[in-house]
Every structure is written in C-alpha cells, then in structure tokens.
Amino acid sequence: MLEIFEQEATNVITTVITLLPDLLGAVLMLLLGWLLARFLRMAITRLARAFNTLVAGRFYGTNIEFARIPTTVQQLLGATVFWATILVFVAVSVRLMGFAGVAHWLERLVVYLPSLLSGGLIIMAGAIIGSASRKLIAHAAETADIARPELLGQSSQVAFIVVGLIIGLGQIGVDVTFLIMLFGIVLATVLAGFSLAFGLGAKPLVENLIANQHLKLLVKPGQQVACGSLHGRVLEFTATGVLLETEHGRTLLPAKLFMEQSLSLITSEKKDGN
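Residues numbered from 1 in each chain as written. Predicted model: local features only at pLDDT ≥ 70, side-chain atom pairs only at ≥ 80, totals over all residues. Heavy atoms only, no water.

The next thing to look at is the side chain of N208. Assignment of secondary structure puts N208 in helix α5 (residues 177–218). In contact with N208, not counting residues within four places along its chain, are T240, P254, A255 and K256. (Helix = DSSP H or I, 4+ residues; strand = E, 2+ residues; numbered from the N terminus. Contact = heavy atoms within 4.5 Å.)

What follows is the structure, given as structure tokens:
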C-alpha cells in the first residue's frame, strides 16, 4: 500500500516538474497580456480625451464641437480593447499548457475577433456620427428657423444608428437580410406618409399657383374686374393671389377664387355707359 502511494506521489511530482516550465510560461504570458491590456485601455481612453480636449479648445462654439466622443463610448472602446487583448494571450497560454482542444476553440474565437471588433466599431461609429448629426442638424434647422428642429435632429440620429447597426451586424456575420427589408419597408412607409402629407398640405398652394398663371393671361394690372360680389381694380399679382383695390380698401384674394366664381372684366366704355 505504501509503495503504491509513493509511486503515485512520484508520478504527480514528475508531471508537475515536467509541466512547470510550461506553467510558468503560461503565467508569465497571462501577466504580460494583462499589463499590455491595461496599457492599451489607458492609451485608448487618453487618446479619446485628448481628441475631446482638442475639439473643445479649437472649435469651441462651432458645430464641430458636437463631434466629441461621449464618455460611455470611451469606456466601451477601452473595455473592448482590454478584453480582446486578454483573450489573445489566454489562447496563447492555453496552447503553452498543452490543452489542444480548448486552445483550438479559443484560436477560432481569436480568428473571428477582427470581424467582431470591426463590426462593433462600425456600430459605435454609427452611434457617434448619429449623435453629432443630431446636434448639427438641429442647430442648422434652428438657425434657419425651421419648425421642430429637434425632431429633424433625432430623425437623422436614428437613421445613422440603424445604418451603422445593419452594416456592423453584416460585418460580424449576422444575416441582416430581414433587417434590410424591414428598414426599407419602414423607410418607404415614412416617405410615403411625408409625401401624402405634403401633397395634401400643398394642394391649395398648387391650385393658387396654377390659377395665378392663367389669370395673368386674361387680366392685367390696372384693369377693373368683378369676381362674385367684389368689384375693384387690379393692383398687382402676388405669387398665389391678386391684390384688388375696392371701395372698402385693398383686398388680397386667392387666385383660385377667380376660377371658381364668375369673373367679369369691366371695360372703360361699359363704365361710361353706366
């Protein structure tokens, strides 16, 4: 019994001594990877902060100031680089230890890592550009005195985020055919809604524009006209209407009114006969 115990202990010690160099190499590799990962995370974070400082200092008060990298994105970039570096060194350490099966699985993950990182970077870039575009477009719309500028900015942000998400997932390897079809359907529905709303809202304007062009062929400024119960002298044509001088003062009538009601041109002979 004692001899069996001594034999087993000897085998264990021999195995440990045999694996000790590989074990020490794996531990040193993990330590090196951890140090390098911390350094890269710190470098990425400091570069992002330096970029923000440069943008805030040189472009303060301009639209480019909005292109700063948010703190959450900085932390996400740092964490991604940190764990990606750790994963690479863990795969090398496992290979040194002789665990071929685990090492093969980790190496496949490491080979897939560039596509995963590039897809993640594309998604983050879409979020960053979307955030910057929201502020830029909202600021430009507000400067141009456009109604609801924040809504325009948010729409552009959502568009950039969705496009970045679709491209990023495609880079990772996810089948985005359904997402592209869904995005196309939603975009077509929104554009159709905007077109319908614009068409319905612009209908009176278009009618007045067309009627005004026809009126200019029939009536000249200075002529006396009668439209329904209104009598007056044509002073001028606006873009969509006719300015009349009546006995009650100046009256601006929409051009389509002259097409919907009876229009009479009062000549000077007719006026003298009355």
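After that view, the rundown keeps rolling.
The five strands lie next to each other as β4-β3-β2-β1-β5, forming an open sheet whose pairing is antiparallel. Of all the strands in the sheet, just β4 (249–254) and β5 (263–266) have a single pairing partner and so form its edges. Across this sheet, the average inter-strand angle for adjacent strands is 40°, counted without regard to direction. Bridge analysis of strand β1 (residues 224–227) against strand β2 (residues 230–237) gives four bridges, and the strand direction is antiparallel. Directly across from A226, in β2, lies its bridge partner H231. (Pairing = 2+ DSSP bridges. Axes fitted to C-alpha atoms, helices over the stretch in contact; angles between N-to-C directions.)

Bringing the pairing of β1 into the picture now. Where β1 folds back on β2, the antiparallel hairpin that results is connected by two residues, among which G228 adopts a positive phi of roughly 65°. Sheet topology places β1 next to β5; four bridges connect them, and they run antiparallel. Across the sheet, the residue bridging to A226 is S264, located in β5.

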